[in-house]
Amino acid sequence: MTRRRVFISCYFPRSVALEGVGTLVCGFSRAFTCAGWDVTLLLPQGEYAVSDATVEMYRPGLFGVAGLPRYYRAVGRLSALADVTLLVESSPALGASVSCVADLARARALFYLPLQTSSVLREIGLSRQALVHWAGMHRLWARRIDWRDKHCVVGSEFQVRQMRALHCGHVDVLPVSGVSRDATVLSRSAARRRLGWDDQPVVGYLGHYSRAKGVDVLVEAFAKVRGAGVLALAHSGRGELTSRGRAALASLRAQGRVRELGVCEPLNFLAACDVVALPYITSSICHQPQVLLESLAASTAVVTTALGGFAELLSQGPCGWVIRPRDVDALASALAGALADLPALHATGQRGRTVFEASCASERMVAYMDEIVARASRP
């Protein structure tokens, strides 16, 4: 039997080894390999722990965009050799790569960021990140592409509405993670032993310290949570807190109420937490965020904000709580309420695992692309 061939690519201005999109792409690669596919990856230059896949790399170039012509040529060349193509791109504003594939019917473009408007500048404030999101992923860029014959995949109904406004011919919702149903997930007690933690209740955060992710809101809110419990921050090393956030964090340190980690194994860290807080202040974050999907995989409940499509999965179960963005008091109240009844909190996390297995495991993408090949093979 001839092995099926899948080509997976993504464009990014730097290595994605420590990025959520890297977790996603490499997770897809493992899932396809386990299912018996031959996998070819096209990634920005970096060091990747990917086995049993052919990896080609490109140089993003000056300002992270000079390498686009090289990337487009590679997409055309490698997609012609595959049975099916999966383009994992940031936003429809940067979706020109879709037009480069050899066979549109056998290609899908997965967009993990929504389109932006000037609202991102109000939400985040004037910053380099806000300007990059606004200028690089504005919906005006997406309108330059003819979407009528394109097949797109997004992570939320929020993004579906954006694509329909562009008259996209085909759009599917698939909030898929890079985590397999078979991935090893330790119990909470085993995960804590591995990290050297005691049995105090833990609120966790994993990722960059960017304004968009509301880490300052989280630190200020946790300072208002009374009683037992610690805040665990797994910081990727990118970004920094505001002066208010740094002051609140210093106070938590003085009280012995914070654990600070660097880059760590996501599933182990998230499994060790009782609840994960993702208080995003803008809808410009990935839909759905990998850390949210990984939290569900780890059977850990989530608190997030009512922006974009972040809360869509949490209503299934339900498996978390939704608050207003930037609301320090609401976040503090939600966290205090969650920690007040740990058995109920852990049951909420278990419901999240059920949602993950049904909707978010990496095997769903394999089944989705398998059906594309099957349809293309029918007379």
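What comes next concerns the included structure.

Calculation rules
Residues numbered from 1 in each chain as written. Predicted model: local features only at pLDDT ≥ 70, side-chain atom pairs only at ≥ 80, totals over all residues. Heavy atoms only, no water. Phe/Tyr/Trp six-rings, centres within 6.5 Å; stacked < 30°, edge-to-face > 60°. Buried < 20%, exposed > 50% of the residue type's maximum accessible area, 1.4 Å probe, protein only. Helix = DSSP H or I, 4+ residues; strand = E, 2+ residues; numbered from the N terminus. Expected span 1.5 Å × (residues − 1). Arc of directions from axis to C-beta. Contact = heavy atoms within 4.5 Å. Core = buried A, V, L, I, M, F, W, Y, C linked by side-chain atoms within 4.5 Å. Pairing = 2+ DSSP bridges. Axes fitted to C-alpha atoms, helices over the stretch in contact; angles between N-to-C directions. Patch = residues over 30% accessible without salt bridge, like charges linked within 9 Å, V, L, I, M, F, W, Y side chains within 5 Å. Areas by Shrake-Rupley, 256 points an atom, 1.4 Å probe, with all protein chains shown as cover. Salt bridge = Lys/Arg side-chain N within 4 Å of Asp/Glu carboxyl O. Right-handed = clockwise from strand over helix to strand, strands pointing away.

## Quick word on the packing of aromatic side chains
Moving on, step 1. Evaluated as defined, the whole model comprises nine aromatic pairs.
Moving on, step 2. With centroids separated by 5.0 Å and ring planes inclined at 75°, the aromatic side chains of F32 and W37 adopt a geometry described as edge-to-face.
Moving on, step 3. The class for F32 is buried, based on a relative accessible area of 0%.
Moving on, step 4. For W37, a relative accessible area of 1% puts it in the buried group.
Moving on, step 5. Between F111 and W147, the aromatic rings sit 5.7 Å apart at their centres with planes inclined by 85°, giving edge-to-face as the arrangement. Here the residue F111 occupies a position in strand β5 (residues 107-111), and W147 occupies one in the loop between α5 (139-142) and β6 (151-154), the gap between them amounting to 36 residues.
Moving on, step 6. Looking at W147, the relative accessible area reads 1%, which means it is buried.
Moving on, step 7. A connected cluster of aromatic rings, assembled from ring pairs, spans Y11, Y58, Y71 and Y72.

## Notes on helix α2 (residues 68-79)
Moving on, step 1. Taking 1.5 Å of rise per residue, twelve residues should cover 16 Å, and α2 covers 16 Å from first to last C-alpha, within 8% of that figure.
Moving on, step 2. Taken residue by residue, α2 has Y71, A74, V75, L78 and S79 as its buried positions. Take α2 and look down its axis: the buried residues cluster within an arc of 115°, on one side only.
Moving on, step 3. Against the buried residues of α2 lie β1 (5-9), β2 (38-44), β3 (54-58) and β4 (84-89).

## Thoughts on the nonpolar core
Soluble globular proteins tend to pack their nonpolar side chains together in the buried interior.
Moving on, step 1. Core analysis: the biggest nonpolar cluster contains 71 residues, and V203, L218, F269, L296 and L335 have the highest contact counts within it.
Moving on, step 2. The element contributing the most residues to this core is helix α12 (residues 328-339), with eight residues.
Moving on, step 3. Discounting chain neighbours no more than four positions away, the residues touching F269 are L195, W197, G204, Y205, L206, A232, A234, L261 and C264.
Moving on, step 4. In terms of nonpolar packing, the next biggest core, distinct from the first, is built from 62 residues, L115, M137, A142 and L174 among them.

## Some details on the sheet that holds strand β11 (residues 275-278)
Moving on, step 1. On the basis of which strands lie adjacent, the open sheet formed by six strands has the order β10-β9-β8-β11-β12-β13 and parallel pairing. In this open sheet, the two strands that pair with only one neighbour each are β10 (258-261) and β13 (320-323). Mean inter-strand twist for the sheet, computed between neighbouring axes without regard to direction, equals 20°.
Moving on, step 2. Relative to β11, strand β8 (residues 202-209) runs parallel, the two being bridged by two bridges. Bridge pairing in β11 places V203 opposite V275.
Moving on, step 3. Here helix α8 (residues 215-222) sits on the sheet and contacts β8, β9 (230-239) and β11; the angle it forms with β8, its principal contact strand, is near 155°.

## Overview of the sheet that holds β4
Moving on, step 1. Within the open sheet, the seven strands sit side by side as β3-β2-β1-β4-β5-β6-β7. Their pairing is parallel. The sheet terminates laterally at β3 and β7 (170-173), the two strands that pair on one side only. Across the sheet, the mean angle from the axis of one strand to that of its neighbour is 20°, orientation sign disregarded.
Moving on, step 2. In this sheet, β6 lies alongside β5 in parallel orientation, the contact comprising three bridges. Opposite L110, over in β6, you have V153 as the bridge partner.
Moving on, step 3. On top of the sheet, α2 reaches β1, β2, β3 and β4; it is set at about 170° to β1, its chief contact.

## A short note on a nonpolar patch on the surface
Moving on, step 1. A grouping of L62, F63 and V65 is seen on the molecular surface, where their side chains present a nonpolar patch of about 380 Å² in accessible area.
Moving on, step 2. Relative to the helices and strands, L62 is located in the loop between β3 and α2.

## Some words on helix α14 (residues 363-377)
Because an α-helix packs 3.6 residues into every turn, residues spaced three or four apart end up facing the same way.
Moving on, step 1. With 15 residues, α14 ought to run about 21 Å at 1.5 Å a step, and its terminal C-alpha atoms sit 21 Å apart, in line with that.
Moving on, step 2. Along α14, the residues classified as buried are M365, V366, Y368, M369, I372 and V373. Along the long axis of α14, the arc covered by the buried residues comes to 165°, so they all point the same way.
Moving on, step 3. Those residues of α14 hidden inside the fold are in contact with α1 (20-34), β4, β5, β6 and β7.

## Quick look at the pairing of β11
Moving on, step 1. Side chains V275 and A277 of β11 all project onto a buried face; the interleaved residues V276 and L278 project onto the opposite face, where all are buried too.
Moving on, step 2. Across four bridges, the pairing between β11 and strand β12 (residues 301-305) is parallel. Bridge pairing in β12 places V276 opposite V302.
Moving on, step 3. Between β11 and its parallel partner β12, the chain crosses via helix α11 (residues 290-297), and the hand of that crossover is right-handed.

## Structural notes on the pattern of salt bridges
Moving on, step 1. Applying the stated rule across the entire model yields 17 salt bridges.
Moving on, step 2. The partner of D370 in a salt bridge is R4, and the shortest N-O contact between them spans 2.5 Å. One end of the pair, D370, is in helix α14; the other, R4, is in the segment before β1, and 366 residues separate them in sequence.
Moving on, step 3. A salt bridge links R77 to E56, with the nearest nitrogen and oxygen atoms 3.0 Å apart. Note that R77 is positioned in helix α2 and E56 in strand β3, a separation of 21 residues in sequence.
Moving on, step 4. In this structure E56 comes out as partly exposed when scored by relative accessible area, which is 26%.
Moving on, step 5. One salt-bridge network, held together by shared partners, links R188, R192 and D274.

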